Amino acid sequence: MAMEKKQQLQCYGAAPKPTFRFAKHWAVLLISIFPILNTGLALDYGDALKKSLLYFESQRSGRLPYNQRVTWRHHSGLTDGLEQGVDLVGGYYDAGDHVKFGLPMAFTVTMLSWTVIEFQHQIAVAGELEHALEAIKWGTDYFIKAHTSPNVLWAEVGDGDTDHYCWQRPEDMTTSRQAYRIDENNPGSDLAGETAAAMAAASIVFKKTNPHYSHLLLHHAQQLFEFGDKYRGKYDENMGVVKSYYASVSGYKDELLWGALWLYKATDNEKYLEYVINNAHCFGGTGWAMAEFSWDVKYAGLQIMAAKLLVEEKHKEHGDTLEQYRSKAEHYLCSCLDKNNGTNVNRTPGGLLHIRQWNNMQYVSTAAFLLTVYSDFLLNSNQKLKCHGGSVDHEEILGFAKSQVDYILGSNPMNMSYLVGFGPKYPARVHHRGASIVSYRENKGFIGCTQGYDNWYGREEPNPNVLVGALVGGPDYQDNFTDQRSNYMQTEACTYNTAPLVGVFAKLLQMEGQKSHDNHNQPLVASY
């Protein structure tokens, strides 16, 4: 369930005091020296890419379009916002439940947009660009609706407590659809900053193909950023209903820097870059050295984006501050690569990065993305990554990112693909209401709140509907995985798990194609 998707801010040096139940699990994890297992699987990255984008169609809320490919889903949440007199139909369910949580949804859209910005060519060559754009627009269309005035953003529809009492298909849900908002009196700078980042990043994606829509997104992004910056506060402190589910443990300063940097990329307006530079120290941008990148903690992504500005001549005047950003970015990367001085990310015996036991795969997918992006940056700028354990070239960085993706796709001790629907063996009992109950299209008979628990939740049989492209929480720190619906720590999937992998799959597919081409063009050598 989403209930325990609470995060610990894990930092280099003194960390904020842990505030919840699972805060100390990282302390007992073991650092492994074992390499990724090679099971000899031939991994089809093109198939993984296609399936990853299908997943977002499974998570759609609202009235489904004529070209909906996931046919076991149907319309849902068609009265969202009605009680409050606002149209909040649409958007995404974050995981296996039916609450529309604004912060993880916005991060999902930011990551989908960033992945298209970085790997648009590769995604297009694979024939999946249109589906990627549809996945982004399904989120941004909802954000436009949710941003009803400059200083009002609807932050959530439904609430986790009542939602978790029921096990129903989204088409049947009888739980509360009350909507909650942030405004001048109840600020949420983290949510406003992340939604601004999502809309600014998406505006870059649509700039050429849909300039009017791009301009509209940018307008909303600028308003949201101003709102978040002017009326500062953590959204979970002003909207208690979210606190047990998506509490903003890292605070809002990372999201404000993140939103500003995305607005700079979208507008080229110096005021946004100056915000990132002038607030670098006091907002922790050049202070926090991170070991994770997630829906809550944006510093590593922000620092990598800032580091990439260094190669442009026009940014030389900010070189000192950008170098500090780069130093922290490289701390994160070196931690993932096990090349820092005592502050590395733990690994399972099978070689998987392991941050914490709850939905660990979210941190693996974001790491794979950031490593891949930085590998490309180093290649294009003819540089190497400098770590305490020595310098690392772009090929080694990309090779490690690939090892994490290959683990996800089945190259692991369980021989299990953690991307649902991919390969011969994958989780069959994903913790997901809609997937675990007979499809609405097959049986339109109403299934009540507890009826789903009585008849479907505890069944030993596999889910009747395959949640294709979902990346589940994954194995524990010893590579063990139990495929049970009730084991939501491992079998629940989230939109922000899959989103970072879309571009990485496309990149790896391109690499495989290039390798095949190179091998094909090698001269024949006589053997005796």
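Naming follows an unreviewed UniProt entry, where the protein appears as Endoglucanase of Populus alba x Populus x berolinensis. What UniProt records for the protein under Catalytic activity (unreviewed entry) is the sentence "Endohydrolysis of (1->4)-beta-D-glucosidic linkages in cellulose, lichenin and cereal beta-D-glucans." As stated in UniProt under Sequence similarities (unreviewed entry), the record for the protein gives "Belongs to the glycosyl hydrolase 9 (cellulase E) family."

Along the protein, the regular secondary structure elements total 18 helices and seven strands. Per-residue burial over the protein gives 61% buried out of 528 residues. Here the analysis covers contacts within the protein between residues at least 6 apart in sequence; of these, 75% occur between residues at least 24 apart. Surface accessibility of the protein: about 20100 Å² in total, with carbon and sulfur atoms responsible for 50%.

Turning our attention to the state of the cysteines. By the definition in use, this model includes two disulfides. Two residues share a disulfide in this structure: Cys166 and Cys449, whose sulfurs sit 1.9 Å from each other. Torsion about the S-S bond of the Cys166 and Cys449 cystine: about -90°, corresponding to left-handed handedness. Of this pair, Cys166 sits in the loop between α4 (160–163) and β3 (179–182) while Cys449 sits in the loop between α14 (433–436) and α15 (451–457); the two residues are 283 residues apart in sequence, bridging distant segments of the chain. Of the residues examined, Cys449 reaches a relative accessible area of 23% and is grouped as partly exposed. In the protein, the bonded cysteines, numbered by position in the sequence, are linked as 1-4, 2-3.

In any sheet, the strands associate via hydrogen bonds between backbone groups, in a parallel or an antiparallel arrangement. If you trace the three strands from one edge of the open sheet to the other, you get β1-β2-β3, paired in antiparallel fashion. What marks the edges here is a single partner per strand, and that holds for β1 (100–101) and β3. Relative to β3, strand β2 (residues 153–157) runs antiparallel, the two sharing four bridges. Across the sheet, residue Trp154 finds its bridge partner in β3, namely Arg181.

Another aspect to go through is the UniProt feature "active site" (unreviewed entry) in the protein. UniProt's entry tags His431 with the feature "active site" (unreviewed entry), counted in the numbering of this structure. Along the polypeptide, His431 turns up in the loop between α13 (394–408) and α14. Polar contacts involving the side chain of His431 include one to the main-chain carbonyl oxygen of Arg485, which spans 2.7 Å.

Summed over all chains, the structure comprises 24 salt bridges. Measuring nitrogen to oxygen at the nearest pair gives 2.8 Å for the salt bridge that ties Asp80 to Lys100. Of the two residues, Asp80 sits in the loop between α1 (45–58) and β1 while Lys100 sits in strand β1, which places them 20 residues apart along the sequence. A relative accessible area of 2% means that Asp80 is categorised as buried. Across the salt bridge formed by Glu255 and Lys298, the nearest N and O atoms sit 2.8 Å from each other.

Next up on the list: helix α3 (residues 129–146). Relative to the 26 Å expected for 18 residues at 1.5 Å per residue, α3 spans 26 Å between its end C-alpha atoms, a close match to the ideal helical length. Listed in full, the buried residues belonging to α3 are Leu129, Ala132, Leu133, Ala135, Ile136, Trp138, Gly139, Thr140, Tyr142, Phe143, Ile144 and Ala146. Buried residues along α3 sit against α1, β1, α2 (102–125), β2, α5 (189–205) and α6 (211–230).

Confidence along the protein averages 90 in pLDDT terms, with 90% of residues attaining 70 or more. Here residues 1–40 is modelled with pLDDT under 50, and outside its nearest four sequence neighbours on either side it reaches 103 contacts, counting other chains as well. Here residues 523–528 scores under 50 on pLDDT; set against residues more than four positions off or in separate chains, the count is zero contacts.

This paragraph deals with the packing of α2 against helix α12 (residues 361–381). Angle between the axes and distance between the axes are the two parameters that describe a pair of packed helices. Where α2 contacts α12, the axes come no closer than 12 Å and their chain directions differ by 30°. Comparing their axes, α12 and α2 come out roughly parallel. For the pair α2 and α12, the crossing hand works out as left-handed. For the pair α2 and α12, contact is made by Phe107, Met111, Trp114, Thr115, Glu118 and Phe119 and by Thr366, Phe369, Leu370, Thr372, Val373 and Asp376, respectively. Its residues assigned to classes, the contact of α2 with α12 shows seven nonpolar, three polar and two charged.

A separate point is the nonpolar core. Ranked by size, the top nonpolar core spans 156 residues in total, and within it Trp114, Phe293, Leu385, Val405 and Leu409 carry the most contacts. It is α12 that contributes the most residues to this core, twelve residues altogether. Beyond its immediate sequence surroundings of up to four residues, Leu385 is in contact with Glu330, Leu333, Cys334, Leu337, Tyr374, Leu378, Gly390, Ser391, Val392 and Ile397. Counting residues in each nonpolar core, the second largest holds six residues, with Trp167, Val438, Ile447 and Tyr457 among its members.

Cut-off values and rules
- Residues numbered from 1 in each chain as written.
- Predicted model: local features only at pLDDT ≥ 70, side-chain atom pairs only at ≥ 80, totals over all residues.
- Heavy atoms only, no water.
- UniProt positions renumbered as here; feature names shortened; annotations may be inferred.
- Helix = DSSP H or I, 4+ residues; strand = E, 2+ residues; numbered from the N terminus.
- Buried < 20%, exposed > 50% of the residue type's maximum accessible area, 1.4 Å probe, protein only.
- Contact = heavy atoms within 4.5 Å.
- Areas by Shrake-Rupley, 256 points an atom, 1.4 Å probe, with all protein chains shown as cover.
- Disulfide = S-S within 2.5 Å.
- Pairing = 2+ DSSP bridges.
- Polar contact = N/O pair within 3.5 Å; in protein donor to acceptor, adjacent residues only side chain to side chain.
- Salt bridge = Lys/Arg side-chain N within 4 Å of Asp/Glu carboxyl O.
- Expected span 1.5 Å × (residues − 1).
- pLDDT = per-residue confidence, 0-100.
- Axes fitted to C-alpha atoms, helices over the stretch in contact; angles between N-to-C directions.
- Parallel < 35°, antiparallel > 145°, perpendicular 65-115°, else oblique.
- Left-handed = near helix turned anticlockwise from the far one by under 90°.
- Nonpolar A, V, L, I, M, F, W, Y, C, P; charged D, E, K, R; others polar.
- Core = buried A, V, L, I, M, F, W, Y, C linked by side-chain atoms within 4.5 Å.

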